[in-house]
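Spelled out from the first residue to the last, the chains are:
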Amino acid sequence: MDCIFCKIVSGEVPSRKVYETAHTLVFMDVAGDVDGHLLAVPKKHCKNILDCDETSLRDLMLAVKEVSNHLVGHCGYDGVNLLNASGESAGQSVPHFHIHIIPRKTGDGVNAWPNFAGAKLPIDEVWKKIRI
Ligand code: AMP
């Protein structure tokens, strides 16, 4: 499969690795948009959270926590934003599951939270549709 993140996992494409477990790789995002922008990916290919197997997902989230604690505990950051797009409709551009880890410092001015335009439907109408 021609997947850039699979190639990074296999080492075919180089990356700046930050942390690795049996099922997860965390490496620097090359976007150059925010200092310390990281991506955490499952080593086994899946497209996004919708098709990710349970072992990969558990390991991925534990790795995200480990790295987040490292950033705040040892690297001078105060918090993190965790971002994910699952599906093209959500803005996913690379079709291999990834969680963006954005390290944050108080007053850093980074705008990592979307400015939503406002809900279009009454909240109870949506609640009845989506509750499990
Ligand atoms: P998304 O739009 O959520 O699918 O994010 C995809 C991310 O992958 C973007 O932030 C890209 O900068 C990043 N990206 C794409 N190719 C590479 C690469 N070879 N190494 C590191 N990051 C990459």
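To be clear, the structure that these remarks concern was listed above.
In this report, we go over the structure that sits alongside the text.

### Description of the site of the ligand
The local shell around the ligand holds 15 residues, among which Asp29, Ser93, Val94, His98 and His100 are the closest. In this structure, Val30 approaches the ligand through a main-chain N or O atom, which is 3.4 Å from a nitrogen atom. In the model, an oxygen atom of the ligand is placed 3.0 Å from a nitrogen or oxygen of the Val94 main chain. In this structure the site holding the ligand corresponds to the largest pocket.

### Structural notes on the layout of surface pockets
Taken as a whole, the largest pocket spans an internal volume of roughly 290 Å³. Around the largest pocket, the lining is made up of 19 residues, and of these Phe5, Asp29, Val30, Leu39 and Val94 lie nearest the centre. At the level of elements, helix 1 (4-10) and strand 2 (24-28) are the ones that each hand at least two residues to the lining of the largest pocket. Here the element with the most residues in the lining of the largest pocket is helix 1; it accounts for three residues. Grouping the amino acids of the lining of the largest pocket by side-chain chemistry returns eleven nonpolar, six polar and two charged.

### Examining helix 2 (residues 54-74)
The end-to-end C-alpha distance of helix 2, which contains 21 residues, comes to 30 Å, matching closely the 30 Å that a straight helix rising 1.5 Å per residue would cover. Listed in full, the buried residues belonging to helix 2 are Ser56, Asp59, Leu60, Ala63, Val64, Val67, Ser68 and Leu71. Packing partners of the buried residues in helix 2 comprise strand 1 (17-20), strand 2, strand 3 (38-42), strand 4 (79-83) and strand 5 (99-104). For helix 2, the N-terminal cap is Asp53; the gap from its side-chain oxygen to the backbone nitrogen of Thr55 is 3.3 Å. After helix 2 finishes, the residue Gly76 shows a positive phi value of roughly 85°.

### So, the pattern of salt bridges
In this structure the tally under the stated criterion is six salt bridges. Salt-bridge contacts for Lys43 lead to Glu20; the nearest nitrogen and oxygen are separated by 2.8 Å. Separated by 23 residues along the polypeptide, Lys43 in the loop between strand 3 and helix 2 and Glu20 in strand 1 bring together distant segments of the chain.

Conventions we followed
- Positions within a chain are numbered from 1, following the residues in the order the chain's sequence is written.
- Thresholds applied to this predicted model are a pLDDT of at least 70 for local features of residues and 80 or more for the giving and counting of side-chain atom pairs; totals over whole chains, interfaces and linings are not thresholded and use all residues.
- The side-chain quantities take in all heavy atoms of the structure and omit both hydrogens and water.
- Think of it this way: one heavy atom of a residue within 4 Å of a molecule or strand is enough to make that residue near it.
- Under the rule applied, a polar contact is a pair of N or O atoms within 3.5 Å (in protein, one hydrogen donor and one hydrogen acceptor; residues adjacent in sequence only if both atoms are side-chain atoms).
- Space inside and on the surface of the protein is sampled on a 1 Å grid over the protein atoms alone, with a cavity defined as a set of points where a 1.4 Å probe fits but cannot get out and a pocket as an open set with protein on both sides within 12 Å along at least 5 of 7 lines; lining residues have an atom within 4 Å of a point.
- More than half of a molecule's atoms within 2 Å of the grid points is what it takes for that molecule to sit in a cavity or pocket.
- Grid points are joined across faces, edges and corners, and a volume is the space filled by probe spheres set on the points.
- Only runs of H or I of at least four residues qualify as helices and only runs of E of at least two qualify as strands under DSSP, and these elements are numbered from the N terminus.
- In this classification, Asp, Glu, Lys and Arg are treated as charged, Ala, Val, Leu, Ile, Met, Phe, Trp, Tyr, Cys and Pro as nonpolar, and every other residue, Gly included, as polar.
- One less than the residue count of a helix, multiplied by 1.5 Å, gives the span that helix is expected to have.
- The classification of residues rests on relative accessible area computed with a 1.4 Å probe and restricted to protein chains. Under 20% of the type maximum is buried, over 50% is exposed, and intermediate values are partly exposed.
- Residues are treated as being in contact if the distance between any of their heavy atoms lies within 4.5 Å.
- Take a side-chain nitrogen of Lys or Arg and a carboxyl oxygen of Asp or Glu: if they are within 4 Å of each other, that pair is a salt bridge.

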